[in-house]
Amino acid sequence: MNGNRFGRLFQVTTYGESHGPGMGVTVSGCPAGLELSEEDVQRELDRRKPGQSMITTSRGEPDEVSIQSGLQDGYTTGTPIGMTIENKDARSGKYEPFITAPRPSHGDFTYSAKFGTRNWGGGGRSSARETVNWVAAGAIADKILESEGVQVKAHVNQIGDIEAPEVSFEEMLEHTEENDVRCAHPETAERMQERIEEYQEAGDSIGGSIYFEMQGVPRGLGAPRFDSVSARLGQALMAVPAATAFEFGLGRDAREYTGSERNDEWEFENEAHSASNTASGDEPRGDPVPAENDHGGIQGGITTGEPVYGELTLHAPTSIPKPQQTVDWETGEEKTEQVIGRHDPVLPPRGVPVVESMLSLTLVDFMLLAGRINPDRLDGRPGEYDTDYHPSSPRNE
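The structure contained in this document is the topic of the report that follows. All values derive from a computational prediction rather than experimental measurement.

1. Considerations on the packing of aromatic side chains
Item 1. Tallied over the entire structure, the rule returns five aromatic pairs.
Item 2. With a centroid separation of 6.2 Å and an interplanar angle of 25°, the aromatic rings of Phe246 and Phe248 are classed as stacked.
Item 3. The ring of Phe366 carries Arg232 above its face, with NZ or CZ at 4.8 Å from the centroid.

Spelled out as structure tokens, the structure:
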């Protein structure tokens, strides 16, 4: 099975099935000298884990991470970082009716058709449970970005037909984690919660979307054509389970704009925030900056230095308790089966840390490829061996 590795220099390789013994991820390409602990990773995993609220699955997984390699005395060594997360609350028996009768709109039939077999418990490898690995790896990438002054944040901006108004990056940082929906607009979050509970009580589910923004992104990242930032972000985010649409900048609204309306005119940075005209040369005019940033921080597939922002749409969860029709290829029968188990009625709230992780992983990879980060070490001292993070000999104490 291919397709289990992500990234060029900052590479993430994952393994594990929903109801198997555990999940795991190997991160290759993390430079040495990054201060890292299991607590750093656990903090992000706790944001994604099940059972956080009444609008998430009740599956009782603690999602406790164990770092197996790549650390010495609390710092990365430059070697692969291996992490494992055990599965503690798998109940495969509820999935027996679907071994040869695929659930509607799941990966059951396509996995069986491709491989001639599949791990059917909880959906196996096709389950969104696998994203626990992405979040573990993303926690490392996020720490690297933090050291480079880059911030990544996302929030739920729509559930069903309830859409939040635009919020600032600061509001996202302040309010996203204050409610179960992870919407940075508190009043809208309450309405979203009520709507989700309505579908939950009716035995159904609902879709939504996640808005994301990255601040402090260096200009000049990305390479035309197939390694453009927008292309790689599309690959990263469309890999998220249930993703149906990715957009950045104006996104789909761009189809309604004329060229003159969409074109982002240039101005000098120091004049963009000042009413005075500095054309006399008395003051530096600064760098060229786009007037509106309607392109979402990306032009020609390369970052402009402005915030990169966009949106990911997730369809409604396919595991719902309502009876649905399927066919059993082993018996030749048409059946009506009911998915019995513990499933999310909506995906964006737990999808926020997943989206943030994929953004961070993609951005770190681009920064390594562009030479903005030394691939060997983070301290900017190539060739130096006597460092603050090198282990000391106990005999010298």
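2. A few points about the nonpolar core
Item 1. Counting 69 residues, the largest nonpolar core has Phe10, Val27, Val41, Met83 and Ile140 as its most contacted members.
Item 2. For this core, the leading source of residues is helix α9 (residues 348-369), giving eleven residues.
Item 3. Once residues within four sequence positions are removed from consideration, Phe10 is found in contact with Val27, Ser28, Gly29, Cys30, Ile140, Ala141, Ile144, Leu361, Val364, Asp365 and Leu368.
Item 4. Among the nonpolar cores identified, the runner-up in size contains five residues, and Val167, Met172, Ala184 and Tyr211 belong to it.

3. Quick notes on the layout of surface pockets
Item 1. Volume-wise, the second largest pocket comes out at about 550 Å³.
Item 2. If you go around the second largest pocket, you meet 21 residues; those closest to its centre are Asn157, Glu163, Glu166, Tyr211 and Glu311.
Item 3. Sorting the residues of the lining of the second largest pocket by element identifies β8 (151-159), β10 (208-215) and β16 (308-314) as the ones contributing at least two each.

4. A closer look at the sheet that holds β8
Item 1. Pairing within the open sheet is antiparallel, and its five strands lie in the order β9-β8-β10-β16-β11. Strand pairing shows two members of the sheet lacking a second neighbour, β9 (162-163) and β11 (243-248), which therefore form its edges.
Item 2. Here seven bridges tie β10 to β16, and the two strands are oriented antiparallel to one another. Paired with Tyr211 across the strands is Glu311, a residue of β16.
Item 3. Across the sheet, helix α6 (residues 229-238) touches β10, β11 and β16, and the angle it forms with β11 is around 155°.

5. What to know about the pattern of salt bridges
Item 1. The final tally for this structure, using the stated rule, is 27 salt bridges.
Item 2. For Glu177, the salt bridge is made with Arg47, and the minimal N-O distance between the two is 2.7 Å. Placement of Glu177 in the loop between α4 (169-175) and α5 (186-201) and of Arg47 in helix α1 (residues 38-48) is noted, with a sequence separation of 130 residues between them.
Item 3. Across the salt bridge formed by Asp63 and Arg129, the nearest N and O atoms sit 2.8 Å from each other. Separated by 66 residues along the polypeptide, Asp63 in the loop between α1 and β4 (65-67) and Arg129 in the loop between α2 (108-115) and α3 (131-147) bring together distant segments of the chain.
Item 4. Taking relative accessible area as the criterion, Arg129 reaches 6% and is therefore assigned buried.
Item 5. One continuous salt-bridge network, built from bridges that share partners, spans Glu44, Arg47, Lys153, Glu177, Arg182 and Glu356.

6. Some thoughts on the packing of α6 against α9
Item 1. Contact pair α6 / α9: the axes reach a minimum separation of 9 Å and the direction vectors enclose 145°. Considering only the axes of α6 and α9, their crossing is right-handed. Touching Val229, Arg232, Leu233, Ala236 and Leu237 of α6 are Val355, Met358, Leu359, Thr362, Asp365, Phe366 and Leu369, all from α9.
Item 2. In the contact of α6 with α9, the residues fall into nine nonpolar, one polar and two charged.

About the cut-offs
Residues numbered from 1 in each chain as written. Predicted model: local features only at pLDDT ≥ 70, side-chain atom pairs only at ≥ 80, totals over all residues. Heavy atoms only, no water. Phe/Tyr/Trp six-rings, centres within 6.5 Å; stacked < 30°, edge-to-face > 60°. Lys NZ or Arg CZ within 6 Å of the ring centre and 35° of its normal. Core = buried A, V, L, I, M, F, W, Y, C linked by side-chain atoms within 4.5 Å. Buried < 20%, exposed > 50% of the residue type's maximum accessible area, 1.4 Å probe, protein only. Helix = DSSP H or I, 4+ residues; strand = E, 2+ residues; numbered from the N terminus. Contact = heavy atoms within 4.5 Å. 1 Å grid on protein atoms, 1.4 Å probe; cavity = no way out; pocket = protein on both sides within 12 Å on 5 of 7 lines; lining within 4 Å. Points joined across faces, edges and corners; volume = space filled by probe spheres on them. Pairing = 2+ DSSP bridges. Axes fitted to C-alpha atoms, helices over the stretch in contact; angles between N-to-C directions. Salt bridge = Lys/Arg side-chain N within 4 Å of Asp/Glu carboxyl O. Left-handed = near helix turned anticlockwise from the far one by under 90°. Nonpolar A, V, L, I, M, F, W, Y, C, P; charged D, E, K, R; others polar.

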